[in-house]
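# Structural features, examined
One-letter residues, chain by chain:
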Number of protein chains: 2
Amino acid sequence: MSEIQRPGALYQQVAAAIREAILSGEFAPDSLLPSEAQLMARYEVSRPTVRNAIAALRAEGLIDVRHGKGSFVRSSGQPVLTLERRISRTTEGKFVMPNGDIWQEAEAPAAYRARTTKDTGHLLQLDTDEALFGCDRLLIDPSTGTRAMHRTLIPFEVAEIVPLLAEEPCKRPAAFYRLLTEDGHKLSWSETVRARMPLPDERATMKLPDATPILHLARVTHDTDNRPLILEELRVGADRAEVSYRITADKQPARRARA
Amino acid sequence: MSEIQRPGALYQQVAAAIREAILSGEFAPDSLLPSEAQLMARYEVSRPTVRNAIAALRAEGLIDVRHGKGSFVRSSGQPVLTLERRISRTTEGKFVMPNGDIWQEAEAPAAYRARTTKDTGHLLQLDTDEALFGCDRLLIDPSTGTRAMHRTLIPFEVAEIVPLLAEEPCKRPAAFYRLLTEDGHKLSWSETVRARMPLPDERATMKLPDATPILHLARVTHDTDNRPLILEELRVGADRAEVSYRITADKQPARRARA
DNA sequence: TGACGTCACTTGTCCTTACGAGTTACGACT
DNA sequence: AGTCGTAACTCGTAAGGACAAGTGACGTCA
């Protein structure tokens with residue numbers, strides 16, 4: 001290390017030095033970092049040490065490395081896609097829960113039968129290993145290229161009681177809402193937001209960069225008597241998307257606050 | 001590799017084999033994986049290759065490695081802490097926006113002056129580099145040990161117009177809501193949820209495990225005329241916390257649906 | 001009995017060497 | 001001029017060796 005002694009292992013010192021250089025602006029976003037060979041010379045360390053330092057910065061999401069080209073400072077752009085949930089009461093006293101019509105289906109939806117896990121069972125107020133109708137979709141927002149994975153789950157017993165849902169398990173959820181509302185049901189929603197690292201197949205399907213978590217949304221639609229009817233899951237890369245809940249006050253119609 | 005040939009590099013084959021063994025249940029959650037030496041023998045590869053495979057699984061959040069002890073399958077437990085936003089109208093026609101009173105302050109709040117970034121400026125409908133009052137807190141939920149970082153930001157010009165906010169910039173946000181409501185303001189909220197990898201200081205402050213993203217919540221409180229008054233940011237490890245929005249229908253009081 | 005030191009195990013760090021593979025530019029050949 | 005091959009760069013993979021550092025069990029000593 002040609003620079004000041006820092007705490008920790010050598011590769012951490014190197015990583016810290018590069019990190020500071022990035023955050024201080026010495027290396028601008030999207031610019032090319034020195035090559036491994038140059039970093040070896042600059043800090044007087046071996047190649048594994050340099051690569052270890054670079055691996056740490058990749059895990060932090062600070063840089064992107066492209067085979068044969070070099071390491072680039074990741075432009076810490078904000079999400080380009082806002083999933084807006086506008087929660088308000090119109091003058092007619094209805095809640096609004098838009099379904100995000102921006103999405104297009106990249107493939108034909110895949111219908112199947114499944115069973116509740118501990119997780120989905122809890123959300124649907126069912127035990128584990130209960131039978132479900134399922135439907136998976138791969139969605140794309142054409143304006144930003146953002147990909148997302150969508151899943152609809154409907155319990156067997158709900159499909160019996162509310163035949164609307166059993167007819168076409170791969171119908172778009174927005175159609176379910178419309179049909180149920182026309183049928184006299186008063187719906188309420190519960191939406192849970194989690195974040196986690198993607199599984200390898202999720203990384204591949206959504207073409208996620210390194211060190212990119214995914215937002216995992218689970219929306220449960222409840223019937224009048226608070227019985228869970230439908231569980232929808234949406235998974236999307238957190239580098240592209242954010243979720244926004246806008247709660248407007250009494251009788252004031254929802255207004256766009258965007259610049 | 002003593003097993004079937006797979007696509008990709010050697011270390012990826014090893015990683016895939018271990019991953020499958022974990023997901024299939026051969027290695028139970030919280031159980032000890034074979035040591036590096038055992039894995040070297042089992043797959044007939046060198047130690048760097050084994051370590052590379054293990055590094056991949058760490059980045060996926062599948063395993064935890066403890067120096068001197070070994071590698072453990074991470075128990076994929078669900079979040080232990082649900083930040084509930086119950087959005088409903090009471091019979092008096094008021095919206096409810098609880099502030100999460102579970103949190104306790106781990107240290108004295110730190111007040112300071114700051115300037116808007118591109119990000120915070122956008123949320124507060126201000127240009128970049130406008131003056132702000134700021135206050136940072138380190139919060140702890142004593143029942144789960146979950147740590148979170150909280151930040152309050154109030155524009156100078158808002159503090160002039162609404163003197164309540166300037167008096168005590170480190171007052172608890174819930175107190176702001178109460179004071180403003182008593183003063184006749186009709187508040188509305190906009191809450192944005194993002195996820196990203198933590199910076200090193202965030203990892204240290206919140207004691208986050210490897211490969212753990214954070215949830216980043218930004219809540220803007222709007223005044224009657226839709227002017228942004230307060231920006232609150234909450235950062236919390238996504239391994240511990242989730243956010244839940246419950247939107248209940250007309251006049252039906254919010255009910256707990258938890259088991 | 002209790003405290004402590006040692007040893008055998010674990011992962012962490014760091015080095016050297018070698019070759020494979022993607023990218024780009026330059027130059028020679030057609 | 002256009003095409004294509006090669007050379008020189010980049011990062012990716014893999015092996016080997018050596019020592020440091022954390023952990024826990026066991027045995028010795030006071």
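Residues numbered from 1 in each chain as written. Chains lettered and ligands numbered in written order. Predicted model: local features only at pLDDT ≥ 70, side-chain atom pairs only at ≥ 80, totals over all residues. Heavy atoms only, no water.

## Let's talk about the overall build of chain A
Just so we agree on the cut-off: Only DSSP runs of H or I with at least four residues qualify as helices, and only runs of E with at least two residues qualify as strands; both kinds are numbered from the N terminus onward. In this scheme, a residue with accessible area under 20% of its type's maximum is buried, one over 50% is exposed, and one in between is partly exposed, where area comes from a 1.4 Å probe on protein chains only. We call two residues in contact when some of their heavy atoms are within 4.5 Å. Surface exposure here means Shrake-Rupley accessible area, sampled with a 1.4 Å probe, where a residue is shielded only by the protein chains that are shown.
Helix and strand counts for chain A come out as 8 helices and 11 strands. Out of the 259 residues belonging to chain A, those deemed buried represent 48%. Counting only contacts in chain A whose residues sit at least 6 apart along the sequence, the fraction spanning at least 24 positions is 59%. For chain A, the exposed surface amounts to about 12,600 Å²; the carbon and sulfur share of it is 51%.

## Description of the protein's contact with DNA strand D
The condition that has to hold: Here, proximity means that at least one heavy atom of the residue falls within 4 Å of the molecule or strand. Definition of a polar contact: a pair of N or O atoms within 3.5 Å, with one able to donate and the other able to accept a hydrogen when the atoms are protein atoms, and with sequence-neighbouring residues admitted only if both atoms are side-chain atoms. Residues are grouped as follows: nonpolar covers Ala, Val, Leu, Ile, Met, Phe, Trp, Tyr, Cys and Pro; charged covers Asp, Glu, Lys and Arg; every other residue, Gly included, is treated as polar.
Around DNA strand D lies a shell of 21 residues, among which A:Arg47, A:Arg51, B:Leu10, B:Ser46 and B:Thr49 are the nearest. Across the atoms of DNA strand D situated within 4 Å of the protein, the share located in sugar and phosphate is 69%. Separating a base oxygen of DNA strand D from a side-chain N or O atom of A:His67 is a distance of 3.1 Å. Separating a phosphate oxygen of DNA strand D from a side-chain N or O atom of B:Ser46 is a distance of 2.8 Å. Mapped onto the surface near DNA strand D, the elements with two or more residues apiece are α3 (47-59) and β1 (63-66) of chain A together with α1 (10-23) and α3 (47-59) of chain B. A breakdown of the residues in the surface near DNA strand D according to their chemical character gives 6 nonpolar, 8 polar and 7 charged.

## What about the protein's contact with DNA strand C?
In the vicinity of DNA strand C there are 22 residues, among which A:Leu10, A:Ser46, A:Thr49, B:Arg47 and B:Arg51 approach most closely. A distance of 3.2 Å separates a phosphate oxygen of DNA strand C from a polar atom in the side chain of B:Ser35. Only α1 (10-23) and α3 of chain A together with α3 and β1 (63-66) of chain B provide two or more residues apiece to the surface near DNA strand C.

## Details of the packing of aromatic side chains
For the record, the criterion: Centre distance within 6.5 Å is the pairing criterion for rings of Phe, Tyr and Trp, where only the six-membered ring of Trp is used; planes under 30 degrees apart are then read as stacked, over 60 as edge-to-face, and the remainder as tilted. As a reminder, the over-ring test applies to NZ of lysine and CZ of arginine, requiring each to be within 6 Å of the ring centre and within 35 degrees of the ring normal.
Using the criterion set out here, one finds 5 aromatic pairs over all chains in the structure. A ring pair is formed by A:Tyr177 and A:Trp189, whose centres lie 5.6 Å apart and whose planes are at 80°; its orientation type is edge-to-face. Of this pair, A:Tyr177 sits in helix α7 (residues 173-182) while A:Trp189 sits in strand β8 (residues 188-196), placing them 12 residues apart in sequence. Sitting over the ring of B:Phe72, B:Arg66 keeps its end group 4.1 Å from the ring centre.

## Description of the pattern of salt bridges
Heads up, the rule is: In what follows, salt bridge is the name for a side-chain nitrogen of Lys or Arg lying within 4 Å of a carboxyl oxygen of Asp or Glu.
What the rule picks out here adds up to 37 salt bridges over all chains. With a closest N to O distance of 2.6 Å, B:Glu36 and B:Arg47 form a salt bridge. Pair noted here: B:Glu36 is in helix α2 (residues 36-43) and B:Arg47 is in helix α3, with a separation of 11 residues, a long-range link. Taking the shortest distance from any N to any O, the salt bridge between B:Arg74 and B:Asp64 comes out at 2.9 Å. A residue pair is termed long-range when its members are at least 10 positions apart, and B:Arg74 in the loop between β2 (70-73) and β3 (81-87) and B:Asp64 in strand β1 qualify at 10 residues. It is possible to trace a salt-bridge network through shared partners that takes in A:Arg85, A:Glu191, A:Arg219 and A:Glu232.

## Concerning the state of the cysteines
Disulfides are covalent bonds that link the sulfur atoms of two cysteine residues. Residues and elements named next belong to chain A. Quick note on the threshold: Note on disulfides: each one is a pair of cysteine sulfur atoms within 2.5 Å.
A complete count under the given rule lists 2 disulfides over all chains for this structure. Put simply, Cys135 and Cys170 are joined by a disulfide, and their sulfur atoms are 2.0 Å apart. For the disulfide bridge between Cys135 and Cys170, the dihedral angle about the S-S bond is near 105°, and by the sign convention the bridge is right-handed. With a gap of 35 residues between them, Cys135 in strand β6 (residues 131-141) and Cys170 in the loop between α6 (163-167) and α7 connect regions that are remote in the sequence. Judged by its relative accessible area of 0%, Cys135 falls in the buried class. Residue Cys170 is classed as buried on the basis of its relative accessible area of 16%.

## Some points on the confidence of the model for chain A
All names here are of chain A. For clarity, the threshold we go by: Think of pLDDT as the predictor's per-residue confidence, scored from 0 to 100.
Confidence in the prediction of chain A, expressed as mean pLDDT, is 86, and 86% of residues score 70 or more. For chain A, per-element mean pLDDT is lowest for α6, which scores 70, and highest for strand β2 (residues 70-73), which scores 97. Every residue in residues 90-94 is under pLDDT 50, and counting partners more than four places away or in other chains gives 4 contacts. Within the model, the stretch residues 250-259 combines pLDDT values under 50 with 19 contacts to residues more than four positions away or in other chains.

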